[in-house]
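These are the residues of each chain, in order.
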Amino acid sequence: MDPVRRALVRLLLPALCVLVAAAGCAAPAPPVDAQVRRAVAGWAAAPPARLAAIPLEGWSYEVTSVRREGDRAHAHAELRYRLAGYDTAPAGSARELTLTRGGGAGSGGTAWRVTADGPAPGAPPQLWDQGEVAVVRGARSLVLGVGQSPQTLSDIAAEADRAVPAASAAWPGPWAGRVVVLVPAGLDAMAALLGRPADAYRGMGAVTTGATGGGPAPADRVVVNPEGYAQLSSAGRQIVLTHETTHVATRTATTARTPQWLSEGFADWAAYRGGPLGPAEAAPTLARAVRLGDLPAALPEDAAFAFGGDPDAMARAYEGAWLACRLIAARWGDAALVRLYGLAGREPLPAALDQALTTDLPALTQAWRQALREELG
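First, a word on scope: everything that follows refers to the structure included in this document. Quantities reported herein were computed from a predicted structural model and do not represent experimental measurements.

### Comments concerning the sheet that holds strand β3 (residues 91-102)
Strands sit in the order β1-β2-β3-β4 across an open sheet of four strands; the sheet is antiparallel. Of all the strands in the sheet, just β1 (56-69) and β4 (111-119) have a single pairing partner and so form its edges. Neighbouring strand axes in the sheet, compared pairwise and without regard to direction, differ in orientation by 30° on average. Sheet topology places β3 next to β4; eight bridges connect them, and they run antiparallel. Directly across from T98, in β4, lies its bridge partner A116. Packed on one face of the sheet, helix α2 (residues 32-43) meets β1, β2 (72-83), β3 and β4 and runs near 155° to β1.

Here you go:
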């Protein structure tokens, strides 16, 4: 082609493309991956209407991968959301979305539509995956339940409202001063939410979830075991909720360095603080062991607090941890116990004990064992 013809083609080609488009020749459709992502973004612009009672904000899905099977597609995504007034950073949940390709108006039969949303394989569900969520707002609490009576949820909200100031009285450090409580339909549903076997929580009243460390803890939730909780007395329920709420309060000061005996013992100290129960009444399993001559040689190891183990051994660990914190508060003062907790999350335990109590672990252990003899023997 001579230079003049090449120049004419270059000049006429843009105009020809405009004429073809005007005649109805559409541009190529975007790849399926992009179409699916666009469909998910449109569908996830707001929380589903059935969740309207839950104070959700910042609702979004970030698609991480797309797999196509003919006219169906599966999108793996990370759901992000906050509970308004409670979460300081987004909570996360791994999800799998199913989409089908339909024939919406003007789509040419290529439009993708989300038809299902559930937990990603291996990921725990959200509470709303288990059924219709009822919401009760307390003065200092938000209670979300599935399969529970309104009265049950209201009672738990009232108990949580009392637990918050009790936790604040024990822990003067900064925290939000409010708590989120999830109440699933039963033990199996609770275990599913937590991604653990049901036997790990059998007989327990509640547990707390959430990441430890100095950053925001968006997923800090108290999860109630309805079966275990129902078996507790009114005082027992209050102790359990105060214990778990104290974990929420101390979350940002708790790290992998914090010994379990200090974390669990402090939460029990907050729960029993000012109450009528003495050591022998509140620590019956350990008291029985001490009376039989089985005096523990050392403060409980972290492994002793693991769920699903020997229940008597775990009870002795919790009771011993509580009595250790009770001893520290009685001998060195409440402020010293709080200071020890904060230091133990940042420094090795020997350094924390030296700075907060001017003592060491052998001396503390000896004082604790002597207190067990005197109070439980």
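### Some thoughts on the sheet that holds strand β6 (residues 141-145)
The five strands lie next to each other as β5-β6-β7-β9-β8, forming an open sheet whose pairing is mixed. Single-partner strands in this sheet number two, and they are β5 (134-137) and β8 (206-209). Across the sheet, the mean angle from the axis of one strand to that of its neighbour is 20°, orientation sign disregarded. Two strands pair when backbone bridges link them, and strand β7 (residues 179-183) and strand β9 (residues 221-224) are joined in this way by two bridges, in the parallel orientation. Residue V181 lies in a different strand from β9, and its bridge partner there is V222. Sheet strands in contact with helix α3 (residues 150-170) are β5, β6 and β7, and its direction is about 150° off that of β6. In this fold helix α6 (residues 234-249) packs onto β7, β8 and β9, with an angle of close to 10° to the strand it touches most, β8.

### Some words on the nonpolar core
Core analysis: the biggest nonpolar cluster contains 69 residues, and V181 and W261 have the highest contact counts within it. Counting residues in each nonpolar core, the second largest holds 41 residues, with V32, V40, L127 and Y201 among its members.

### Some words on the packing of aromatic side chains
For the structure shown, the criterion picks out eleven aromatic pairs. On the numbers, 5.8 Å between centres and 50° between planes, the contact of W59 with W128 is tilted. Here the residue W59 occupies a position in strand β1, and W128 occupies one in the loop between β4 and β5, the gap between them amounting to 69 residues. A centroid spacing of 5.5 Å and a plane angle of 65° characterise the contact between W171 and Y341, whose relative ring orientation is edge-to-face. Taken together, the residues span a long stretch of sequence, with W171 in the loop between α3 and β7 and Y341 in helix α11 (residues 334-344) at a distance of 170 residues. Both residues of the pair, W171 and Y341, belong to the buried class. Among the aromatic residues, those joined into a cluster by ring pairs are W43, W59, Y61, Y81 and W128.

### Some points on unusual backbone geometry
You will see that T358, though not glycine, has its phi angle at about 50°, which is positive. With respect to the element layout, T358 can be found in the loop between α12 (349-357) and α13 (361-376).

### Details of α12
Regarding α12, the residues found buried are L349, A352, L353, A356 and L357. Taken down its axis, α12 places every buried residue within 100° of arc, on the same side. Among the structural elements, α7 (260-272), α10 (311-332), α11 and α13 are those in contact with the buried residues of α12. Positive backbone phi, approximately 50°, marks T358, located one or two places after α12.

### Some points on α13
In this model α13 runs 22 Å from its N-terminal to its C-terminal C-alpha over 16 residues, within 8% of the 22 Å that 1.5 Å per residue would give. For α13, the full list of buried residues reads L364, T365, A367, W368, A371, L372 and L376. The arc that holds every buried residue of α13, seen down its axis, measures 165°, which confines them to one face. The exposed set on the far side of α13, more than 90 degrees from its buried face, consists of P362, Q366 and E374. As for α13, its buried residues are in contact with α7, α8 (279-282), α9 (284-291), α10 and α12. Capping the start of α13 is the job of one residue whose side-chain oxygen sits 2.9 Å from the backbone nitrogen of A363: D360.

What counts, and at which threshold
Residues numbered from 1 in each chain as written. Predicted model: local features only at pLDDT ≥ 70, side-chain atom pairs only at ≥ 80, totals over all residues. Heavy atoms only, no water. Pairing = 2+ DSSP bridges. Helix = DSSP H or I, 4+ residues; strand = E, 2+ residues; numbered from the N terminus. Axes fitted to C-alpha atoms, helices over the stretch in contact; angles between N-to-C directions. Contact = heavy atoms within 4.5 Å. Core = buried A, V, L, I, M, F, W, Y, C linked by side-chain atoms within 4.5 Å. Buried < 20%, exposed > 50% of the residue type's maximum accessible area, 1.4 Å probe, protein only. Phe/Tyr/Trp six-rings, centres within 6.5 Å; stacked < 30°, edge-to-face > 60°. Arc of directions from axis to C-beta. Expected span 1.5 Å × (residues − 1). Polar contact = N/O pair within 3.5 Å; in protein donor to acceptor, adjacent residues only side chain to side chain.

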